Amino acid sequence: MTAQSDYQQALKDIAALATQEATRVTGRPAPQAIDQIFRQYGGTIAAPMIDDLKAGSWKKWESWQLGGAIAYLSSYGTSAAVAPLRNIEQNYPVTDIQIQAKALADLLATLDVAVSEAKQIPQVQDAIKSGDTDQMARAMLLGLAQIDPDWPVRASEIQTSLFALSADSFPAINEMADGKLSQNDVTKALVEILFEDVMSTGGTGGTGGTGGSGTP
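Residues numbered from 1 in each chain as written. Predicted model: local features only at pLDDT ≥ 70, side-chain atom pairs only at ≥ 80, totals over all residues. Heavy atoms only, no water.

(A) Examining the packing of aromatic side chains more closely. Under the counting rule described, the total for this entry stands at three aromatic pairs. Note on Tyr72 and Tyr76: the rings are 5.0 Å apart at their centroids and 35° apart in plane angle, and the pair reads as tilted. You can see Tyr72 and its partner Tyr76 sitting in helix H4 (residues 63–76), four residues apart, about one turn around the helix. Taken together, Phe38, Tyr72 and Tyr76 form an aromatic cluster joined through their ring pairs. (Phe/Tyr/Trp six-rings, centres within 6.5 Å; stacked < 30°, edge-to-face > 60°. Helix = DSSP H or I, 4+ residues; strand = E, 2+ residues; numbered from the N terminus.)

Have a look at this one:
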């Protein structure tokens, strides 16, 4: 299927859900449910969705559908979505949606500069040429760490919390294992446990970074 046909199928799925929910107490789907339907198609439908929003489809969408679409674009949106998001921010008659659209438009507006700068980093260029997904992800994260001053700060907070949990768990584990495990073993297992759902299903989290002042 093409990206456009996938997008149209997602809209049909949403219409079917809306019909189903109309018979229930709430009378409408939750924005999270709409977001999940879109995410089933990964990033492939982002471009036709943005084109649809540019054409003014948002004027016909109810807030639960538009809220779900904006949530989806928070992961897969590009700078091309800024213009329709600004229109939504200024003209959609629901305050929560206006706020959501503004926040995402502000974020996406910085993408062009960040992407351009990151692509100039030799390690990122080499990773892109290699086509290796693991290498690309690592190089691009390290690239963002170099150009985003907030990245190392947020990453350091994650590292601190992770190591604290590992340290708190280690005494009991050390006793159970009769000293056969090091704290590094426990930390490695903790990382695998915390992220096994993401690694196994390809799920996504928020928009924050990982890593720290050292190597992520």
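(B) Quick peek at the pattern of salt bridges. Scanning the model with the defined rule gives four salt bridges in all. Between Glu89 and Arg86 there is a salt bridge whose closest N-O contact spans 3.1 Å. Placement of the pair is Glu89 and Arg86 together in helix H5 (residues 82–91), with a separation of three residues, close to one helical turn. For Lys102, the salt bridge is made with Asp106, and the minimal N-O distance between the two is 2.7 Å. Of this pair, Lys102 and Asp106 both sit in helix H6 (residues 95–108), four residues apart, roughly one helical turn. For Lys102, a relative accessible area of 38% translates into the label partly exposed. Each of Arg86, Glu89, Lys102 and Asp106 takes part in one network of salt bridges that share partners. (Salt bridge = Lys/Arg side-chain N within 4 Å of Asp/Glu carboxyl O. Buried < 20%, exposed > 50% of the residue type's maximum accessible area, 1.4 Å probe, protein only.)

(C) Examining helix H1 (residues 3–21) more closely. Between its first and last C-alpha, H1 extends 27 Å over 19 residues, near the 27 Å set by a 1.5 Å rise per residue. Among the residues making up H1, those that are buried are Asp6, Tyr7, Ala10, Leu11, Ile14, Leu17, Ala18 and Glu21. All buried residues of H1 project into a common sector of 140° when viewed along the axis, lining one side. Opposite its buried face, H1 presents the exposed residues Lys12 and Thr19, each directed more than 90 degrees away. Buried-residue contacts for H1 involve helix H2 (31–39), helix H3 (46–54) and H4. (Expected span 1.5 Å × (residues − 1). Arc of directions from axis to C-beta. Contact = heavy atoms within 4.5 Å.)

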